[in-house]
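Fold and contact review
Letter by letter, the chains look like this.
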Amino acid sequence: MNWIQLILGRLGGLVLTLLLASVVIYSALLLTPGDPMSALAGGAKPNPELIAQIRAEYHLDDPIWTRYWDWLSGIFVGDFGRSFVYKTDVLGLVAPRFVVTFQLVLLTVAIILVLGVGSGILAATRGRAVDRTMGLLTALGLALPGFVVAILLMWIFAKSLGWFPGFVVAILLMWIFAKSLGWFPVFGEGGDGIDRLWHLILPAFSLATMFLAYISRVTRSSLVAQLHSEHVDTAKVRGIPRGRIFGTHVFRNAAPQILAISGITIAGLFAAAAIVEVAFGLGGIGSLLTEAAARKDLPVVQVTSLLLVTIFVVLNALADFISAVIDPDSVSSGRQA
Amino acid sequence: MSNKPVLELDHLSIAMPHRTLVHNCTLAVAAGEAVGLVGESGSGKTLSVRAVAGLLPDDFTTGGAIRILGRDVAEMGSKERKELRATRIGMVFQTPRAHLNPLLTIGDFMTEALVHVAGKRRTAADRRAAELLDEVGIPDPVRRLRQYPAELSGGLLQRVMIAATLAMDPEILLADEITTALDVTTQEEVMAVIGDLRKHRELSMLFITHDLALASAVTDRVAVMQHGRTVETLHSATMRQEARVEYTKVLMAAALDEAKPEELVRDRDATSVLAVSGLSKTYQVPGATGGRETLVALNGVSFELDQGGSLGIVGESGSGKSTSAKIICGLERADAGTITVTGEDWSLPARGGAARRGRAKKVQMVFQDPYQSLDRRQTIRECLSEAIRVHRPSDSREAVTRRIEELMRQVTLDPELADQRPKSLSGGQRQRVAIARALAADPEILVLDEAVSAIDVTTQVEILTLLDTIRRETGVALLMITHDLTVIRRLCDRVVVMRAGRVEEYGTADEILDAPRADYTRLLLDSIPREGWKPRRRRPGRTSAIPTITLMHRVKEMRGL
């Protein structure tokens, strides 16, 4: 009963949020300056007949709420409208781009979870020196974009290896860095399969840097809280093996918090991916959105924005739900005898 | 009893990096013997026991020797030491709820050591777990194994902890303040269980407590610890005659049931400053099988508090005593009933800031834990001047300073402490600050919610005496909420005994403490440890101390779900 209530409540809120978002997205874009006509006419000075024809074709003379309703009901039956610029179906334009973004986010998530949670575990369990180092690294990761970190690291290496002429080390490191960059393609999304993965590695790492540092810190602090909790003392007194104490009493109890925050982080990745896509020339949904906005391609902007909002809201709700499932309080209230 | 001690602490000292915390703890526990380790908080008794169990932080160092079954722990290899501790020692802690993993079932917890340390098979471990729960008197053990800690009462959880330590058939039980967090009746039950176990199993016990009366009732010998040293060891039965050290005598005198109720000069026709009548309160709680159920927290509660008088509300947790206090202070809203304070109707919570301030001037509250109720960033002076300013915003700086001095004198705090922060104060000093802060408003009524329960026995007496003096000097009426009847005897002239949201008995302190009419009051009185007291299992098969939820009504499930 509790679960059904919980799910229904979340679903209701979700639908309401999405409806509100669709209204905001649709109206905000129509209120922006600039006339979609120029985009539609394809740059040429349009003559009056052509204007009338286009206005009729795209229902630009209908009242706004009618157009909103047509747009929304169209989405429900799979008609996402036509691009002003490419004159093709929006769906056909968005779908392949979405696949690229999705793959990028998936790879980023894998990096974040493996390295973030992994380094968090190390920081929490491997003594003070490791903890301090991780604290420093994550602070850098949170504060600096990935490429700055790389240059900084080179400088530090050069300084600490003082017995070697600094600039030699710097050049050497830069050479290695440039070389290793050469191993990974810097631009474009590549073809399919392995080639695609290859192309996504650098963008994924640069997207992951900040989130990775954040998840690492969250993991560390929730593990430390559990390590010092009293029920862990009980387990120690009873002589339970170390490995089991960590797995069953520390990590499992910290997992809901780590998961909840990871969920919210991952939901934000789709939006954050836009910058990286533009920087690395990836044809993802984020770069599509920036292009479309620049060219006043309203149908594309609207659908893309709505898609991003939907992903964010749904993933957030999912993260909420999962952490509710493993949370101790709901465990007990769900099974109270 | 064999001569070889099961546990021997020989000049044990414990130090953190820059400070020695325990200087010399020396004691021995023979086979089948129970030894109490008594002292105030900070005397080092818990640290000593944690050293035995191997629970000290990594950067702590120990000196002297800990010998378990005659073998020095320091001379063993780490693997051997770990195994010795896991199988020979059982430790039970103060707060069972915090010491059980909330995500594991009772069954997981019970069988964990059997499966992962002793290498038993799952089914055998399950069977053993059920037997052990049965041994400590938990009814329906098989069902309990499937439950989570959150579903059990504190008393039951403590018995689960005890049962779990028995799984490895230990030689000695280390019990660290195991009943401090429990009600007095539950405490008796748990101690009775331990008494039975010791008889059947020849189990030794090291029993740590700050309650000398309890220690002497359940142990053979008592070691008294002060400032990190064991100052003397006495036989429990003849403790009174043997005690030589001044500190032990202070501890003994502090046992509150010794205190004669002071003769109170009572103004017979005093007007009542607080009158509560027909107070009722229910809560909607999630039901056992889904849906909602109604929990009756208060059911027609009535009592009066005279001007300058003192009223004690006694009861176990769940009896509704704290709910009453919350409603009086306007923190909760009553479903029915009236509250009259100095002739004004306070039945509903105050609306608006001005009305709330007006009420706060009349009723002030002192909370249980002085470690949490003070802002650690504020000095005492800041804390008190803030409290004074709330009610007298336009007073001059000199007037506020004078008032602070006056308040500190009232609670007998050294004026030189005025610029200290809570961190550098003892528990008793902190509670004095909390009382001074409450008095700053010059209230008519002081509500004390378990205000001395978290404090050491010796300090408790000081605080209670102080409160009595303040009452006589300032004429403030005291409303004391407590689960401890001995506190009532010291301080209150009238008593309300509550149970499950109802008033069980209401009368003067003398009547109720010396000639109780209600069975429940008698039970509460009998559960207090004193000389010659032996814990008994009063209600065999009872699942929780006192049913905390008595009146449950099934409410129709909401439609459409």
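Read on for an overview of the structure. (Residues numbered from 1 in each chain as written. Chains lettered and ligands numbered in written order. Predicted model: local features only at pLDDT ≥ 70, side-chain atom pairs only at ≥ 80, totals over all residues. Heavy atoms only, no water.)

Turning our attention to the overall build of chain B. In terms of helices and strands, chain B carries 19 helices and 21 strands. Burial statistics for chain B: of 561 residues in total, 54% are counted as buried. Across chain B, contacts joining residues at least 24 apart in sequence account for 70% of those joining residues at least 6 apart. Element-wise, carbon and sulfur atoms account for 47% of the exposed surface of chain B, whose accessible area totals about 24700 Å². (Helix = DSSP H or I, 4+ residues; strand = E, 2+ residues; numbered from the N terminus. Buried < 20%, exposed > 50% of the residue type's maximum accessible area, 1.4 Å probe, protein only. Contact = heavy atoms within 4.5 Å. Areas by Shrake-Rupley, 256 points an atom, 1.4 Å probe, with all protein chains shown as cover.)

As a further point, take the environment of A:D297. All names here are of chain A. In this fold, D297 is placed in the loop between α12 (285-294) and α13 (298-326). Along the backbone, D297 and S83 are 214 residues apart, and their C-alpha atoms lie at a distance of 6.3 Å. Contacts of D297, omitting those with residues within four sequence positions, involve S83, F84, V85, Y86 and A292. Among the polar contacts made by the side chain of D297, one reaches the side chain of S83 at a distance of 2.5 Å. (Polar contact = N/O pair within 3.5 Å; in protein donor to acceptor, adjacent residues only side chain to side chain.)

Let us now look at empty space enclosed by the protein. Where empty space is left in the structure can be found by rolling a water-sized probe over the atoms. All names here are of chain B. In the structure shown here, the tally under the stated rule is 7 cavities of 30 Å³ or more. Each pocket or cavity is described by its volume, and for the largest cavity that value is around 60 Å³. Those elements that provide at least two residues to the lining of the largest cavity are β6 (89-92) and α6 (154-166). In terms of residue count, β6 provides more of the lining of the largest cavity than any other element does, 3 residues in total. Class assignment of the residues belonging to the lining of the largest cavity gives a composition of 7 nonpolar, 2 polar and 1 charged. (1 Å grid on protein atoms, 1.4 Å probe; cavity = no way out; pocket = protein on both sides within 12 Å on 5 of 7 lines; lining within 4 Å. Points joined across faces, edges and corners; volume = space filled by probe spheres on them. Nonpolar A, V, L, I, M, F, W, Y, C, P; charged D, E, K, R; others polar.)

As a further point, take the layout of surface pockets. The space that makes up the second largest pocket amounts to roughly 1900 Å³. Elements supplying a minimum of two residues to the lining of the second largest pocket: α5 (90-125), α6 (127-143), α9 (193-227), α10 (230-237) and α11 (242-279) of chain A together with α1 (45-53), β4 (61-68) and α2 (78-88) of chain B. Partitioning the lining of the second largest pocket into residue classes produces 20 nonpolar, 9 polar and 15 charged.

Residue and element names in this part refer to chain B. When you tally the buried positions in strand β7 (residues 172-176), you get 5 out of 5 residues, the bulk of the element. Side-chain alternation along β7 places I172, L174 and D176 on one buried face and L173 and A175 on a second face that is also buried. In the sheet, β6 pairs with β7 via 4 bridges, with the strands oriented parallel. Pairing of V92 across the sheet is with A175, part of β7. When β7 meets strand β8 (residues 204-209), the two strands line up parallel, connected through 5 bridges. Residue pairing across strands places D176 opposite I208, the latter belonging to β8. At this point the chain moves from β7, through helix α7 (residues 184-201), to the parallel β8, and the crossover so formed is right-handed. (Pairing = 2+ DSSP bridges. Right-handed = clockwise from strand over helix to strand, strands pointing away.)

Time to look at the packing of aromatic side chains. Note on aromatic pairs: each is described by the distance of the centres and the angle between the planes. Taken as a whole and judged by the stated rule, the model has 6 aromatic pairs over all chains. Through a chain of ring-to-ring contacts, the aromatic side chains of A:Y26, A:Y68 and A:W71 assemble into a single cluster. (Phe/Tyr/Trp six-rings, centres within 6.5 Å; stacked < 30°, edge-to-face > 60°.)

All names here are of chain A. The N-to-C vectors of α11 and α12 enclose an angle of 80°; their axes lie 7 Å apart at closest approach. Judged on the interaxial angle alone, α12 and α11 are roughly perpendicular. Across from A274, E277 and V278 in α11, the residues of α12 making contact are I285, G286, S287 and T290. (Axes fitted to C-alpha atoms, helices over the stretch in contact; angles between N-to-C directions. Parallel < 35°, antiparallel > 145°, perpendicular 65-115°, else oblique.)

Attention now moves to unusual backbone geometry. Residue and element names in this part refer to chain B. Even without a glycine there, the phi angle at H11 is positive, about 45°. Residue placement: H11 occurs in strand β1 (residues 5-16). We note that H227 has phi near 45°; this positive angle belongs to a residue other than glycine. For H227, the position within the fold is in the loop between β9 (221-226) and β10 (229-235).

Residues and elements named next belong to chain B. Under the defined criterion, the tally for this structure stands at 32 salt bridges over all chains. For the salt bridge of E80 with R71, the shortest nitrogen-to-oxygen distance reads 2.8 Å. Its relative accessible area of 37% is what places E80 among the partly exposed residues. Across the pair R471 and D468 runs a salt bridge, and its minimum N-O distance is 3.2 Å. Here R471 and its partner D468 are both found in helix α16 (residues 457-474), 3 residues apart, which amounts to about one turn of the helix. (Salt bridge = Lys/Arg side-chain N within 4 Å of Asp/Glu carboxyl O.)

Another aspect to go through is the pairing of strand β17 (residues 445-449) of chain B. Residue and element names in this part refer to chain B. The buried fraction of β17 amounts to 5 of the 5 residues, a majority that puts the element mostly inside the structure. Side chains I445, V447 and D449 project from β17 onto one buried face, and the interleaved L446 and L448 project onto a second face that is buried too. Pairing of strand β16 (residues 363-366) with β17 involves 4 bridges; the strand directions are parallel. Its bridge partner lying in β17, V366 is registered against L448. With 5 bridges joining them, β17 and strand β18 (residues 477-482) adopt parallel strand pairing.

Side chains of a nonpolar character, in soluble globular proteins, are inclined to be buried together. All names here are of chain B. By size, the foremost hydrophobic cluster in this structure holds 128 residues, and its most contacted members are L7, I66, M110, L174 and L206. In contact with I66, other than residues within four places in its own chain, are L7, E8, L9, L12, A51, V52, R71, D72 and V73. Core analysis: the second largest hydrophobic core is formed by 53 residues, V366, A418, L464 and I528 among them. (Core = buried A, V, L, I, M, F, W, Y, C linked by side-chain atoms within 4.5 Å.)

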